[in-house]
Amino acid sequence: MGKPLCTVLFLLLFINCCFSWKKDEFRNCNQTPFCKRARSRKPGACSLIATDVSVSDGDLVAKLISKENNQESSDNQGKPIKPLVLSISAYQDGVMRVKIDEDQSLGPRKKRFEVPDVIVSEFLEKKLWLQRLKEEKNEDGSGILSVVYLSDGFEGVIRHDPFEVFVRESGKNGKKVLSLNSNGLFDFEQLRDKKEENEDWEERFRSHTDTRPYGPQSISFDVSFYDADFVYGIPEHATSLALKPTKGPGVEDSEPYRLFNLDVFEYIHDSPFGLYGSVPFMISHGKSRGSSGFFWLNAAEMQIDVLGPGWSDEFSSVLMLPSDQKRVDTLWMSEAGVVDAFFFVGPGPKDVVKQYTSVTGAPALPQLFAVAYHQCRWNYRDEEDVYNVDAKFDEHDIPYDVLWLDIEHTDGKKYFTWDKMLFPNPEEMQKKLAAKGRHMVTIVDPHIKRDDSYFIHKEATQKGYYVKDATGKDFDGWCWPGSSSYLDMVNPEIRSWWADKFSYDSYVGSTPSLYIWNDMNEPSVFNGPEVSMPRDALHYGNVEHRELHNAYGYYFHMATADGLVKRGEGKDRPFVLSRAFFPGSQRYGAVWTGDNTAEWEHLRVSVPMILTLGLTGISFSG
């Protein structure tokens with residue numbers, strides 16, 4: 001028996017939108033309010049100054065206030081905001097961490113989201129306890145610089161007025177390496193109460209409307225890389241290895257590099273458009289100095305401009321940039337979150353990558369079979385089809401190590417199940433492959449079919465484990481099974497529950513030679529805005545989806561990998577392939593570049609895409 005005709009037609013309508021690139025389905029910067037506002041700001045617009053600079057609990061701390069009234073500043077819409085709190089921490093091996101947030105002691109509306117479970121505990125143990133602060137005059141004799149030791153040969157510096165943070169080579173005349181707010185583009189929209197009805201409190205795109213219960217909450221700032229010729233990184237984009245300028249003289253109608261995890265089928269090449277994963281980590285390189293790096297730990301949508309030479313020439317009189325150092329300027333814009341940024345001093349590319357992975361973790365060592373040939377297509381019809389394909393590889397003497405099963409192997413697109421007509425003996429099938437040294441991978445996605453007879457859905461509903469919509473009800477969206485809900489993986493309790501589902505008792509029909517594929521975990525929602533989840537959906541801790549969107553797939557990947565570790569009692573390294581990714585994904589398994597097409601241009605662009613993933617710590621990719 002097939003599905004009711006109306007259900008089939010509804011699914012076809014939304015599946016079709018995922019099966020071809022449709023520019024109008026996705027937002028550009030001008031349709032994204034925070035990006036449009038940030039891009040319109042002029043150099044030198046930031047009026048913040050640093051006050052009350054001191055050393056406290058091993059960190060350099062300060063308050064950021066408006067220069068005009070020395071008490072409070074206003075956002076770019078003129079709304080008064082409270083002072084911000086800044087802290088600078090130093091870590092071994094040349095890493096400086098800068099955090100800027102609302103002052104919690106002044107009672108913000110709610111705590112802004114800080115991304116958990118990305119920074120590895122070993123890194124936090126490498127903190128250097130700052131004890132001494134020295135002060136200097138600016139080069140022109142005006143204003144104050146507060147200076148702290150960072151590592152041999154490098155210092156961290158706050159310029160008080162105008163506010164700027166930078167790393168320089170040691171010494172009063174040391175050359176700059178990296179800086180934040182040298183161009184005066186810093187802006188921080190603070191949370192506020194809803195007191196009047198206006199467009200600030202909701203955001204529309206096509207037929208979708210997302211509420212914004214705390215108003216706009218974006219952050220933007222400029223980052224400069226000194227003595228740099230090129231910048232690299234910030235995957236995932238189908239573009240060149242060295243990032244091309246997106247704004248400045250001679251750059252016409254270009255979009256910023258977007259970081260927003262999306263289900264984009266047959267994506268266009270040579271484009272700054274965001275794809276399935278997001279790693280907000282950038283590396284610079286130049287002949288004269290070497291390399292440096294910058295990483296912003298933030299899971300909200302991000303847009304990044306690479307500013308071409310001459311972009312700020314008309315504002316040079318209001319900026320205090322060293323004239324004897326070439327540099328690459330960039331503009332970083334995010335919809336929400338806090339500033340939690342890491343400066344890496346290098347000096348070589350390998351040093352920068354090592355410094356970055358000291359924060360987010362080194363790639364997991366895969367099992368040997370996982371780096372061999374995998375055979376996958378959509379779809380193997382039944383066990384007989386599997387046996388025939390396996391036999392043909394033997395007949396033609398083609399080595400392979402893994403055979404994959406897509407969603408059609410399940411009972412009605414319910415994960416952790418098997419279609420009993422097509423795959424009546426899954427354990428025997430896996431054991432026959434294992435006898436030849438081969439393994440199997442099955443797909444497990446985050447959308448859970450809303451079927452009261454399905455044990456995963458029934459238990460998740462009873463325990464309240466689903467993401468909620470803006471009204472507090474279980475979010476209901478459309479994906480492969482039809483009506484589906486999505487597990488709230490930011491909650492550690494739910495991740496632990498999910499991991500238990502990979503036990504042999506729970507995943508009936510699985511064996512030790514079975515591993516997992518996480519697809520559609522951006523998350524993909526066929527009837528949602530931009531084929532994803534509404535930004536006002538609610539997660540554990542009253543966190544809006546807009547605040548953690550890019551990390552959703554990361555937490556799902558993490559929980560699945562932990563499940564295979566639990567299943568093997570810590571004695572078997574997991575293999576989990578994920579389509580969505582985020583900083584730290586390298587600790588949990590492999591990723592791939594998503595749904596491309598069999599065309600030469602997609603083959604060509606796959607090379608810089610894979611190289612960029614490697615530069616940003618994700619070495620196991622394909």
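Please read these numbers as outputs of a predicted model, since none were measured by experiment. (Residues numbered from 1 in each chain as written. Predicted model: local features only at pLDDT ≥ 70, side-chain atom pairs only at ≥ 80, totals over all residues. Heavy atoms only, no water.)

Undergrad: Could you clarify how one ought to interpret the overall build of the protein chain in this entry?
TA: Check the secondary structure of the protein chain and you find eleven helices and 34 strands. Compactness check: the protein chain gives a C-alpha radius of gyration of 25 Å against a globular reference of 25 Å for 622 residues, within 12% of the reference. Taking the intrachain contacts of the protein chain between residues at least 6 apart in sequence as the baseline, contacts between residues at least 24 apart amount to 71%. Carbon together with sulfur atoms contributes 52% to the accessible area of the protein chain, which is approximately 25100 Å² in total. For the protein chain, the separation between the mean place of its 71 positive charges and that of its 92 negative charges on side chains is 2 Å. (Helix = DSSP H or I, 4+ residues; strand = E, 2+ residues; numbered from the N terminus. Rg over C-alpha atoms; globule rule 2.2 N^0.38 Å. Contact = heavy atoms within 4.5 Å. Areas by Shrake-Rupley, 256 points an atom, 1.4 Å probe, with all protein chains shown as cover. Lys, Arg positive; Asp, Glu negative; His and termini not counted. Charge placed at Lys NZ, Arg CZ, Asp CG, Glu CD.)

Undergrad: Sorry, what's going on with the packing of aromatic side chains here?
TA: The relation between two aromatic rings is expressed through the spacing of the ring centres and the mutual angle of the planes. All told, the structure shown has 38 aromatic pairs when counted by the stated rule. Taken together, a centroid distance of 5.9 Å and an interplanar angle of 50 degrees make the contact between Phe-475 and Tyr-486 tilted. Of this pair, Phe-475 sits in the loop between helix H7 (455–463) and strand S28 (477–479) while Tyr-486 sits in strand S29 (residues 482–486), and the two are eleven residues apart along the sequence. Taken individually, Phe-475 and Tyr-486 each receive the classification buried, so the pair is uniform in this respect. Ring pairs connect the aromatic residues Tyr-91, Phe-123, Phe-281, Phe-295, Phe-342, Phe-344 and Tyr-356, which therefore count as one cluster. (Phe/Tyr/Trp six-rings, centres within 6.5 Å; stacked < 30°, edge-to-face > 60°. Buried < 20%, exposed > 50% of the residue type's maximum accessible area, 1.4 Å probe, protein only.)

Undergrad: Looking at this structure, I do not really get empty space enclosed by the protein. What am I missing?
TA: To find leftover empty space, one rolls a probe the size of a water molecule over the atoms. With the rule as written, the count across this model stands at four cavities of 30 Å³ or more. Of the volumes computed, that of the largest cavity is approximately 100 Å³. For the lining of the largest cavity, the secondary-structure elements that each account for two or more residues are strand S14 (202–205) and strand S15 (208–211). Its residues assigned to classes, the lining of the largest cavity shows four nonpolar, three polar and six charged. Reported here for the second largest cavity is a volume of approximately 80 Å³. (1 Å grid on protein atoms, 1.4 Å probe; cavity = no way out; pocket = protein on both sides within 12 Å on 5 of 7 lines; lining within 4 Å. Points joined across faces, edges and corners; volume = space filled by probe spheres on them. Nonpolar A, V, L, I, M, F, W, Y, C, P; charged D, E, K, R; others polar.)

Undergrad: Any chance you could explain unusual backbone geometry here in plain terms?
TA: A negative phi angle is the norm for most residues apart from glycine, just as the trans form is the norm for most peptide bonds. Residue Pro-162 is bonded to the preceding Asp-161 through a cis peptide linkage, with omega at -5 degrees. If you trace the backbone, Pro-162 turns up in the loop between strand S10 (154–159) and strand S11 (164–169). A cis geometry characterises the amide bond from Glu-522 onward to Pro-523, with omega recorded as 5 degrees. Within the element layout of this structure, Pro-523 appears in the loop between strand S30 (514–518) and strand S31 (538–539). One non-glycine residue, Met-520, lies in the positive phi region at around 60 degrees. Residue placement: Met-520 occurs in the loop between S30 and S31.

Undergrad: Could you clarify how one ought to interpret the sheet that holds S28 in this entry?
TA: Strand pairing in a sheet is mediated by backbone hydrogen bonds. Such pairs are either parallel or antiparallel. Ordered by their spatial adjacency, three strands build an open sheet running S27-S29-S28, and the pairing between neighbours is antiparallel. Only two strands of the sheet have a single partner each, and these edge strands are strand S27 (447–449) and S28. Within the sheet, the average angular offset between the axes of one strand and its neighbour, ignoring direction, is 60 degrees. With three bridges connecting them, S28 and S29 associate as antiparallel partners. (Pairing = 2+ DSSP bridges. Axes fitted to C-alpha atoms, helices over the stretch in contact; angles between N-to-C directions.)

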